[in-house]
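# A closer look at the structure
Okay, here's what each chain looks like letter by letter:
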Amino acid sequence: MVDEERRGGKRATGGRRAADGERSAGRQPEAGFAVAEERLTLRERKKLRTRQRISGEATVLFIRHGFDQVTVAEVARAAEVSTMTVFNYFPRKEDLFLDRIPEARGLIVRAVRERGAGESPLAALRRLVLGLLAERHPLAGVGEGFEHFWRTVLDSPALRARGREAVEEMENALAALLAEAAGGDADRPDHDARLGAGLIIAAIRVAYVDAAARQLGGDPVDEVAVEQAEVLRRTFEALERALPGFA
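### Thoughts on the overall build of the protein chain
A tally of helices and strands in the protein chain yields 13 helices and 0 strands. In sequence order, the protein chain lays out its α and β elements as α-α-α-α-α-α-α-α-α-α-α-α-α. Accessible surface, the protein chain: about 13,200 Å² in total, of which carbon and sulfur atoms supply 52%.

### Considering the confidence of the model for the protein chain
One rule of thumb: low pLDDT means the predicted coordinates there are not for detailed reading. Per-residue pLDDT for the protein chain has a mean of 87; in total, 85% of the residues score no lower than 70. Confidence over residues 1–35 falls short of pLDDT 50; this stretch has 64 contacts with residues more than four positions distant or in other chains.

### Focus: the pattern of salt bridges
Taken as a whole and judged by the stated rule, the model has 15 salt bridges. One connected set of salt bridges, linked through shared partners, spans R92, E94, D95, R105, R162, E165 and E169.

### Considerations on the packing of aromatic side chains
Considering all chains together, one arrives at 4 aromatic pairs under this definition. Relative to F149, the ring of F97 has its centre 5.0 Å away and its plane inclined at 15°; by these criteria the two rings are stacked. With F97 in helix α7 (residues 94–97) and F149 in helix α10 (residues 146–154), this residue pair connects regions lying 52 residues apart in the sequence. Relative accessible area serves as the criterion here: at 2%, F97 is assigned to the buried category. Accessibility expressed as a relative area gives 23% for F149, which makes it partly exposed. Taken together, the ring pairs connect F62, F67, F97, F149 and W150 into an aromatic cluster. Here the guanidinium or amino end of K93 rests over the ring plane of F67, the centre of that ring lying 4.3 Å away.

### Remarks on helix α12 (residues 191–216)
One turn of an α-helix holds 3.6 residues; hence residues three or four places apart share an orientation. In this model, α12 (26 residues) spans 37 Å end to end at C-alpha, consistent with the 38 Å of a helix rising 1.5 Å per residue. For α12, the side-chain oxygen to backbone nitrogen distance between the N-cap and D192 is 3.3 Å, and the N-cap itself is D190.

### Looking at the packing of helix α4 (residues 42–65) against helix α5 (residues 72–79)
The angle between the axes and the distance between the axes are what describe a pair of packed helices. One can describe the packing of α4 onto α5 by two numbers: an axis separation of 9 Å at closest approach and a directional angle of 120°. By the criterion of interaxial angle, the relationship of α4 to α5 is oblique. As for the relative orientation of α4 and α5, their crossing is right-handed in sense. Contacts between α4 and α5 involve R53, I54, E57, A58, L61 and F62 from the former and E74, V75, A78 and A79 from the latter. Partitioned by chemical class, the residues of the contact of α4 with α5 number 7 nonpolar, no polar and 3 charged.

### Overview of α4
For α4, which comprises 24 residues, the first-to-last C-alpha distance of 35 Å matches the rise-based estimate of 34 Å (1.5 Å per residue) to within 8%. Two residues or fewer after α4 comes G66, characterised by a positive phi angle close to 100°.

### Considering the environment of T235
Considering the arrangement of structural elements, one finds T235 in helix α13 (residues 221–242). By relative accessible area, which is 15% here, T235 ends up buried. Residues T235 and A203 lie 32 residues apart in sequence; the distance between their C-alpha atoms is 6.7 Å. Of note is the side chain of T235, whose polar atom sits 2.8 Å from the backbone oxygen of V231.

### Regarding the packing of helix α8 (residues 101–113) against helix α9 (residues 121–134)
The contact between α8 and α9 brings their axes to 8 Å, and the two run at 135°. When the axis of α8 is compared with that of α9, the two are oblique. Classified by chirality, the crossing of α9 by α8 is right-handed. Taking contact as the criterion, the partners of L107, I108, A111 and V112 in α8 are, on α9, P121, A124, L125, R127, L128 and L132.

What counts, and at which threshold
Residues numbered from 1 in each chain as written. Predicted model: local features only at pLDDT ≥ 70, side-chain atom pairs only at ≥ 80, totals over all residues. Heavy atoms only, no water. Helix = DSSP H or I, 4+ residues; strand = E, 2+ residues; numbered from the N terminus. Areas by Shrake-Rupley, 256 points an atom, 1.4 Å probe, with all protein chains shown as cover. pLDDT = per-residue confidence, 0-100. Contact = heavy atoms within 4.5 Å. Salt bridge = Lys/Arg side-chain N within 4 Å of Asp/Glu carboxyl O. Phe/Tyr/Trp six-rings, centres within 6.5 Å; stacked < 30°, edge-to-face > 60°. Buried < 20%, exposed > 50% of the residue type's maximum accessible area, 1.4 Å probe, protein only. Lys NZ or Arg CZ within 6 Å of the ring centre and 35° of its normal. Expected span 1.5 Å × (residues − 1). Polar contact = N/O pair within 3.5 Å; in protein donor to acceptor, adjacent residues only side chain to side chain. Axes fitted to C-alpha atoms, helices over the stretch in contact; angles between N-to-C directions. Parallel < 35°, antiparallel > 145°, perpendicular 65-115°, else oblique. Left-handed = near helix turned anticlockwise from the far one by under 90°. Nonpolar A, V, L, I, M, F, W, Y, C, P; charged D, E, K, R; others polar.

In structure tokens:
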């Protein structure tokens with residue numbers, strides 16, 4: 001557990017600033033939860049809030065002290081739950097910090113499947129990513145204090161590995177969606193769907209990595225956000241030329 005010596009020692013250096021930055025970076029509920037919560041049962045609402053509390057406490061600890069230096073037991077203590085309860089909500093420690101991976105996947109699925117009449121999959125995805133950026137959603141990767149999030153990821157081999165897995169998961173999910181949109185077999189996406197998904201995810205990832213690097217370098221967040229929007233627009237214009245079948 002985090003004893004007084006560790007709280008007062010090296011691990012706590014810069015902790016207040018990191019925690020403040022983390023909170024400004026947005027531990028707000030996942031997109032849509034504020035509305036959807038009204039339709040949940042009391043038990044479901046309690047579970048949702050417990051999940052958010054655990055993840056929120058974990059994020060503060062990870063940013064303060066480093067992901068690899070914090071144990072799941074310490075997270076459980078901070079959230080006032082048992083270690084078993086933490087694992088019931090988050091089977092992997094990495095998912096305590098990268099807890100929005102399921103949300104990101106869900107947003108992609110909804111954007112493509114629920115797109116407007118005559119709207120292409122690429123147009124739907126463009127609308128999604130630009131919309132997230134405009135509202136400074138945490139999944140846009142641009143916001144006050146986000147440098148603490150990016151630095152924590154970069155400092156942890158385990159988080160970087162989970163991030164790569166998440167990119168592959170997004171790519172596979174998108175390939176299935178593109179195959180479905182083209183009238184093919186979502187369970188066995190063809191070459192065009194897999195190639196399209198690979199290019200789309202890679203292009204978005206490059207834009208996000210560039211934005212993260214700028215924030216880590218100290219560039220003003222508002223400036224990064226404005227230029228990131230233009231980068232994403234150019235990115236999707238290039239994708240539309242490269243993937244006419246999904247444009």
